[in-house]
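Fold and contact review
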Amino acid sequence: MTDSPPFVDVHTHFVTERYVSAARAAGIEHPDGMPGWPSWSPEGALALMDEAGIGLSVLSVSSPGTHFGDDAAARALSREVNEFAAGLHRERPDRFGHFASVPLPDVDGALVEAAYALDALGADGIAVETNSRGVYLGDARFEPFWGELDRREAVVFVHPTSPPGWEGVALGRPRPMLEFLFDTARAASDVVLAGVTVRYPGIRWVFTHGGGVLPLLAARMELFEALMPTSGVEVRAALAGLWFDLAGTPFPDQLPALERAFGLERVLYGSDSCWTPAAGVLAQVASIDAARQPGGSSWRSLTGRNARRLFGR
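A brief report on the enclosed structure follows.

Criteria and thresholds
- Residues numbered from 1 in each chain as written.
- Predicted model: local features only at pLDDT ≥ 70, side-chain atom pairs only at ≥ 80, totals over all residues.
- Heavy atoms only, no water.
- 1 Å grid on protein atoms, 1.4 Å probe; cavity = no way out; pocket = protein on both sides within 12 Å on 5 of 7 lines; lining within 4 Å.
- Points joined across faces, edges and corners; volume = space filled by probe spheres on them.
- Helix = DSSP H or I, 4+ residues; strand = E, 2+ residues; numbered from the N terminus.
- Nonpolar A, V, L, I, M, F, W, Y, C, P; charged D, E, K, R; others polar.
- Core = buried A, V, L, I, M, F, W, Y, C linked by side-chain atoms within 4.5 Å.
- Buried < 20%, exposed > 50% of the residue type's maximum accessible area, 1.4 Å probe, protein only.
- Contact = heavy atoms within 4.5 Å.
- Salt bridge = Lys/Arg side-chain N within 4 Å of Asp/Glu carboxyl O.
- Pairing = 2+ DSSP bridges.
- Expected span 1.5 Å × (residues − 1).
- Arc of directions from axis to C-beta.

**A look at empty space enclosed by the protein**
Sizing a probe to match a water molecule and rolling it over the atoms shows the empty space that remains. Tallied over the entire structure, the rule returns one cavity of 30 Å³ or more. In this structure, the largest cavity occupies an estimated 140 Å³ of space. As for the largest cavity, its lining consists of 14 residues, and the residues nearest its centre are G65, V102, A127, V128 and E129. Looking at which element gives the most residues to the lining of the largest cavity, the answer is strand β4 (residues 125-129), with three residues. Taken together, the residues that form the lining of the largest cavity break down as five nonpolar, eight polar and one charged.

See the structure below:
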């Protein structure tokens, strides 16, 4: 393991037996086209963190989230996984934080759960998906939710999920391979172009996988600003105000593209375990440590400093 400072991992997942059982009962045996559900345990997570040089992991539930079609069931499942994650934080506050799940698109349920998670459970922020059962983040139905999170100056961690109509575009391939990266860009562009970041400047948005294909589209979005004179959004500035983690394959292509598009002031580390197997996490960490380091620093130090600014620590 490197002698550099440990990573702060803002993109790491957990599953529980009850959560997987609930998903399977809803017919989700191959989530997002993946072969099956991963296994996870606190002991295994800590062992991997020690081996990879990860000091703190901020846990969250990955796609497909906690809403499988029934609002009441989604509220109960969100509460259950949030209580579980909060328990881990209480036991090991030095190693685990957590982003709370909410039952979107049930806005009323999401408001209740966000307040409970932030006030009673000490969550580090709220986790949402790029779309909630086909409803994207700029939709007017979500305005009350963003208003409350803006009032709280909350961190909102946006995780990709399968897009609506995935059957016609994924072509039988697992959606995390390609569709997650497109849906991340779609969701990030939606919060910007719909004016959500302007109306609710207190929210700190974190998007995954280096923004997906977003760095390649920033200039094109700027080109179209002239066609949207009433939007009131300075596209490049709004995009640069988002935060991005490095889950996936940051080198050799993703991170240089992200740096050119938006700079490095809001770049964070993410492992994407447990959906990325331990060997994949270790290979990703090795690639980051072996890459050209930022001037006068290291990727570990830079992303750690950024994480402390994000969380106000």
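**Side note on the nonpolar core**
Formed by 80 residues in total, the largest nonpolar core has its most connected members in V128, F145, W146, L149, W205, F207 and L239. Discounting chain neighbours no more than four positions away, the residues touching F145 are V102, L104, V107, A110, L111, A114, I126 and V128. By size, the runner-up hydrophobic cluster in this structure holds 14 residues, among which are V8, V10, L56 and F99.

**Things to note about the side chain of S57**
Tracing the backbone through its elements, the reader meets S57 in strand β2 (residues 54-60). On the basis of relative accessibility, which here comes to 2%, the residue S57 falls in the buried class. With near-sequence residues (within four places) excluded, S57 lies in contact with D9, T12, M49, R95, F96 and G97.

**Here's the deal with the pattern of salt bridges**
Under the criterion given, the structure shown has 15 salt bridges. A salt bridge links E148 to R151; the nearest nitrogen and oxygen atoms lie 2.7 Å apart. Here E148 pairs with R151, and both are found in helix α5 (residues 143-151), just three residues apart, close to one helical turn. The partly exposed category is assigned to E148, whose relative accessible area is 21%. Taking the relative accessible area as the measure of exposure, R151 reaches 57% and is therefore exposed. Three or more residues joined by partner-sharing salt bridges are found here, namely D119, E148, R151 and R152.

**So, unusual backbone geometry**
The amide bond that connects S63 to the next residue, P64, takes the cis arrangement and shows omega of 15°. Note that P64 resides in the loop between β2 and α3 (71-91). In this chain, F251 is followed by P252 through a cis amide linkage whose omega measures 10°. At D272, a position not held by glycine, the phi torsion is positive, near 65°. With respect to the helices and strands, the residue D272 is situated in the loop between β10 (267-268) and α12 (278-290).

**Concerning the pairing of β2**
Taken across its seven residues, β2 has seven buried, putting it largely inside the fold. As paired elements, strand β1 (residues 7-13) and β2 share five bridges and run parallel to each other. Bridge pairing in β2 links H13 to S60. Bridge analysis of β2 against strand β3 (residues 96-101) gives three bridges, and the strand direction is parallel. Looking at β3, one finds that L59 is bridged to H98.

**Let's talk about α12**
Between its first and last C-alpha, α12 extends 18 Å over 13 residues, near the 18 Å set by a 1.5 Å rise per residue. For α12, the complete set of buried residues consists of V281, Q284, V285 and I288. Seen end-on, α12 carries its buried residues on one side only, within an arc spanning 100°. For α12, the exposed residues set more than 90 degrees away from the buried face come down to A279 and A290.

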